[in-house]
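# Observations on the three-dimensional arrangement
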Amino acid sequence: MKLIPILVLNLFTLLLVNFADAQTAGGKISGSVVDDAKKPLDGATVILLIAKDSTVISSQLSNPDGSFTFQNLPDNTYLIKATYIGYKNYCSGDVVVSQQKPVNLPAFILSSSGKTLNEVSVTAQRSYIQQKIDRTVVNVGALISNTGANALEVLEKTPGVQVDADGNITFKGKSGVLVMIDDKPTYLSAANLATYLRSLPSSSLDQIELMDNPPARYDAAGNAGVINIRTKKSTVRGFHAVVSADYAQGFYGRGDASINLNYRVNKVNLFANLAYNKQHTFRRLEIDRDYLDVNGDLTSSLKDISYFRPAGNNTNIKAGMDYFVSSKTTWGVVFTGNISRDHDSSPVYSLLYNKNGGLDSTINTLNTSKNKFNSGGINLNYTHKFDSTGRALTFDLDYIRNVSGSNQLFVNNTFLPDGSLTNSRTLRDNLPGTINIYSAKADYSHPLKGKAKLEAGVKSSYVNTDNAANYFNVVNNVSTVDDNNTNRFLYKENINAAYLNFNKNFGRLSLQTGLRLENTNGNGHQLGNAQKADSTFINHYTNLFPTAYFSYKLDTAGHHLLVVSYSRRIGRANYGSLNPFTFFVDEFTYFSGNPFLKPQFTDNYKLAYSFKSLLTVAVAYNYTIDVQGETIHKSGNVFISTQGNIGQQKTLNFSVNSNFQPAKWWSVNLYAEVYNNTYQGVFYTGYLNQSQYTFGFNGNNQFNLSNGWSAELSGFYNTGGTYGQFITLPKGMLNAAIQKKILNNKGSIKLNMRDILRTGSTNGTITNVVGASATFHNFDDTRIATLAFTYSFGKSSNVPSKRNTGGADSEQGRAH
């Protein structure tokens, strides 16, 4: 049955190809844009004009191989203009289309402008949102209010993205999104991923790519799609550097500093990005629980009040070298590293009441912890361009090693209402973990006749994890092993993949189809101890993942565009979620892994209409089986949180994105969405049947004032929605920022105020817990004022950008 959608998709593609061939009557002009070294220029602007009066007929960006094509042209005499930043403009002579015959032009050679960046005052600013056929691109630096923020806070303001109090990320109402850094998976658990993203300052980020239906060359992981965070890497000749520093004040103070370096001379390009940040945050969490009997009558209640004050520092580094063997061949090596240290002293006050509301007892828990996380990686990459048509071969080899550790001490004291101590318990733990990731991939691109292109690739990854949970009961300062909770878990996983991708333009119609095959092999081993026996599990499965995009220009200029897309995705469990250990929060709250988690599969359908870059309207439908999500069940008075499969999820999403300028000095981006999440299924806490509509809104206003001044007013609002067992309440955020260019436009000073109204905390209800009901309320450290300084220096000139490297993104994403 699974092959039926694939067969229907292929049949539909063939029908569209036949239809498209019937629509391609008309003249055609083809050519390419290269630099003075005959290297193709990817993304050059090519404009078609009528020679008689210079009327603009159409415009487009050149392909990665530098090629461009204008089709369905009536007989006439035309001019073609090509532009690229850092190069002199090119304008052709008369190009005559007669009797609708195709015209193949010689390559347009653009010469370097010869000007260095410090000689040119660049005043143009990238738009905040850019729409492409298979993704939405968010330019981080376009928002002044991103100054001083970390990567997780930047994501929170990104259209369609939501971040809860624990750092869990959802995209367009769906969980299970794959977060990648520079096209590499992070291989991290949700908690470690949130920690890592908090350690990345916004000054090191370039773009965020949002892909709800990623193409076949990307890993099929991430049922909600892919969020790819691109860090900054300069591509200019000579030496160039950007330094930035900021200080932020919220509940506590914090600060960031970073430097981005690039030096290119002859055949060598050296680059480095170093960032350091010091964090100290605050969070107050209240959980109210009512315990019920079989008739639904109250038997007792509990109020938990927890305070979190984590403080720590993080150092991130990305450095590498590109060696240009020739104009066609490039070797590169990239080193990445992250060192994080933090500590916390988190008191928890638990008040237990009887059914009449009288205080029964008070439990005070003091949790102290010291945590570390070290990550190091190396990437070796190779690119070879066989010719100027775009035929190319690339490969990446990656090795990543993550080492984490936590030492915690729990001191629990129970008091009667009169203050007398009735019980005291001390528990100590040591939680070391290691993940080794190996990945190799190769991609080949081959242009075909008729401006078509075929892409193919293979990838293999191997992951080896080793996690231990060592628990000790402490009595009179003497520690004894707690065999009931002590454990060690080993997990090995190998994924092998291959894909084909085909795209072709037929005048107004363009198509891109792909098919990816992934073979997964997993082996888990839970080591026993004096009280528990060994246990193992093995998973083997192979799946096909088709993708398809069809775009149709409703007019000859391409201003009105219709796009239909489909993809099938898989959501594999994070490695930490498969770990069967129990982690203690307090006497009434535990976290536990689930080695029996099944992968979830999602079918994504989307229809979108766009008008120029001004308006995009889309409707999407997603159907997921074996949905993975956080589940809460009760054992006695203890709430245990674990990842589970909770049945099926249906999501219907309608979204609108608009960019416009009410005035020359005022730019606006507005994004709004309405979606419905429906969850249905039987899982161990009972039958879940929940459905709710959610409205979300993001707005951004950019004001370009005189004398180097600019300002921003932005914010978001979400009405709350249903996510498995959780129903969230409305929340929003209002931000404002102002910037002044200084030092001959080489530097800037920015002042940013985040969450002015302090409305950005997550609150809600936990449902479907047998024998209990619960609500949660957060007070987060979200109102923050930041003062930042940025300065760039060095003499350099633009060169064409280099490809993004790395092939271990999805694996690295599951390790956090």
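Residues numbered from 1 in each chain as written. Predicted model: local features only at pLDDT ≥ 70, side-chain atom pairs only at ≥ 80, totals over all residues. Heavy atoms only, no water.

Here we come to the sheet that holds strand β35 (residues 582–586). The strand order across the open sheet formed by 4 strands is β35-β36-β40-β39, and the pairing between neighbours is mixed. The sheet is open, and its two borders are formed by β35 and β39 (628–635), each paired with just one other strand. The mean inter-strand angle of the sheet, taken between neighbouring strand axes irrespective of direction, is 25°. As paired strands, β35 and strand β36 (residues 589–592) are joined by 4 bridges and run antiparallel to one another. Residue pairing in the sheet places Asp586 in a bridge with Thr589 of β36. (Pairing = 2+ DSSP bridges. Helix = DSSP H or I, 4+ residues; strand = E, 2+ residues; numbered from the N terminus. Axes fitted to C-alpha atoms, helices over the stretch in contact; angles between N-to-C directions.)

In this section: the nonpolar core. In terms of nonpolar packing, the biggest core is built from 29 residues, with Leu155, Val161, Ile169, Leu197, Ile208, Ile227 and Ile229 touching the most fellow members. Counting residues per element, the ones that place at least two in this core are α2 (151–156), β12 (161–163), β13 (169–171), β14 (178–181), α3 (190–199), β16 (205–211) and β17 (226–231). When neighbours within four sequence positions are excluded, Ile169 is seen to be in contact with Leu152, Leu155, Val161, Gln162, Val163, Ser175, Val177, Val179, Leu197 and Ile227. With 21 residues, the next largest nonpolar core counts Ala469, Ala573, Leu578 and Phe584 among its residues. (Core = buried A, V, L, I, M, F, W, Y, C linked by side-chain atoms within 4.5 Å. Buried < 20%, exposed > 50% of the residue type's maximum accessible area, 1.4 Å probe, protein only. Contact = heavy atoms within 4.5 Å.)

Attention now moves to the sheet that holds β16. Taking strand neighbours across the sheet as the criterion, the 6 strands line up as β10-β11-β16-β17-β14-β15 in an open arrangement whose pairing is mixed. The strands lining the two open edges of the sheet, one partner per strand, are β10 (129–131) and β15 (184–185). Of the strand pairs in this sheet, β14 and β15 are connected by 2 bridges, and their pairing is antiparallel. Within β15, the residue paired with Met180 across the bridge is Pro185.

Moving on to the environment of Ser510. Along the chain, the position of Ser510 falls in strand β32 (residues 509–527). Of the residues examined, Ser510 reaches a relative accessible area of 14% and is grouped as buried. A sequence separation of 40 residues divides Ser510 from Phe550, and the C-alpha atoms of the two residues are 5.8 Å apart. In this structure Ser510 touches Lys504, Asn505, Tyr549, Phe550 and Ser551, once residues within four positions along its chain are discounted. Polar contacts involving the side chain of Ser510 include one to the side chain of Asn505, which spans 2.6 Å. (Polar contact = N/O pair within 3.5 Å; in protein donor to acceptor, adjacent residues only side chain to side chain.)

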